[in-house]
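What follows is each chain in one-letter form.
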Amino acid sequence: MKKVNVNKIMTRGKAMFLAYDQGLEHGPVDFNDKNVDPHYIIDIAKRGKFNAVIFQKGIAEKYNEEIKKSKVPLLIKLNGKTNMRKGEPISKQICSVDEAISLGAVAVGFTIYAGSEFEPIMMREFSKIEEEAHKKGLVVVVWIYPRGKGVKGRSEKELMAYAGRMGLEIGADIVKLHYNRNKKDLSWTVKSAGKTKVVIAGGVKTGEKEFLSEVKDIIGAGGAGIAVGRNIWKSKDPVELSKKVHKIIFGK
Ligand code: FBP
């Protein structure tokens, strides 16, 4: 199979992605009058020089013209869930690879809850998506979030490195995972992920200083970058903050 060009959504192996699928995952609780509007996010992605913006298919379709006009590369999340259903986590496919391509995506994303009782279902769906997306030249990003019964009793360090390695073994170009805030553990995770690039998820909004120092640590530990949402679009001045993040990741 032809090798996919990750630089469709990376710059010399580094990445800054703006995630905006929280409306589905959490409901509009994270939003205010400004950031509830996808136009606001597209504008931040463009002016903040993000390598890609992450949407579910509905926003990618309804705001397609604006996304195309912004020229920010589009990553469409192919599965998703709400937080209303309780029990072991599962995220099912809601968008096909072809639909993502028709909406202009150059990359697709998929979440796997490693350790969940439903892990095999997500693995199976991912494997089909990965094969098709790669055949069609798309970059494949996997969110690996260890959750559910199977993760009990395992350390954060072990789970983070396992997530990174999983990304490599299942054929993702980029693996997105949560950082346990230990640089040494992250370097081991990056090593474990081999040629699969590691990007870090944001989590709930923290202070700007804390967030920027975390980005520094991520890059220092060999991470390829970040794929964050709330820490950017909930900030007072998302474009200014994005410029600071850009400087840390790309040196300018
Ligand atoms: P944030 O930077 O806002 O945390 O976004 C990262 C992300 O992975 C989103 O893509 C996704 O919507 C969300 O976190 C899922 O959060 P969780 O499953 O932890 O509630």
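Just above sits the structure.
The rules behind the values
- Residues numbered from 1 in each chain as written.
- Predicted model: local features only at pLDDT ≥ 70, side-chain atom pairs only at ≥ 80, totals over all residues.
- Heavy atoms only, no water.
- Pairing = 2+ DSSP bridges.
- Helix = DSSP H or I, 4+ residues; strand = E, 2+ residues; numbered from the N terminus.
- Axes fitted to C-alpha atoms, helices over the stretch in contact; angles between N-to-C directions.
- Contact = heavy atoms within 4.5 Å.
- Near = heavy atom within 4 Å.
- Polar contact = N/O pair within 3.5 Å; in protein donor to acceptor, adjacent residues only side chain to side chain.
- Areas by Shrake-Rupley, 256 points an atom, 1.4 Å probe, with all protein chains shown as cover.
- 1 Å grid on protein atoms, 1.4 Å probe; cavity = no way out; pocket = protein on both sides within 12 Å on 5 of 7 lines; lining within 4 Å.
- Sits in = over half its atoms within 2 Å of the grid points.
- Nonpolar A, V, L, I, M, F, W, Y, C, P; charged D, E, K, R; others polar.

Another aspect to go through is the sheet that holds strand β10 (residues 225-228). The sheet built from eight strands closes into a barrel, its strands ordered β1-β2-β3-β6-β7-β8-β9-β10 with parallel pairing. Each strand axis lies, on average, 25° off the axis of its neighbour in the sheet, ignoring direction. Two elements, strand β3 (residues 74-77) and strand β6 (residues 107-112), share three bridges in a ladder whose sense is parallel. Bridging from a neighbouring strand, Leu75 pairs with Ala107 of β6. On the sheet, helix α7 (residues 156-169) packs against β6, β7 (139-144) and β8 (174-177) and is oriented at approximately 155° with respect to β8.

Okay, the site of the ligand next. As a matter of local geometry, the ligand sits amid 14 residues, with Asp21, His26, Tyr145, Gly203 and Arg230 nearest to it. At a separation of 3.2 Å, an oxygen atom of the ligand approaches a polar side-chain atom of Trp143. Here an oxygen atom of the ligand sits 2.4 Å away from a polar atom, N or O, in the side chain of Tyr145. Protein contacts shield 91% of the accessible area of the ligand, which totals 480 Å² for the unbound molecule. In a pocket analysis with a 2 Å cut-off to the grid points, the ligand is assigned to the largest pocket. Classifying every residue of the shell around the ligand by side-chain character gives four nonpolar, five polar and five charged.

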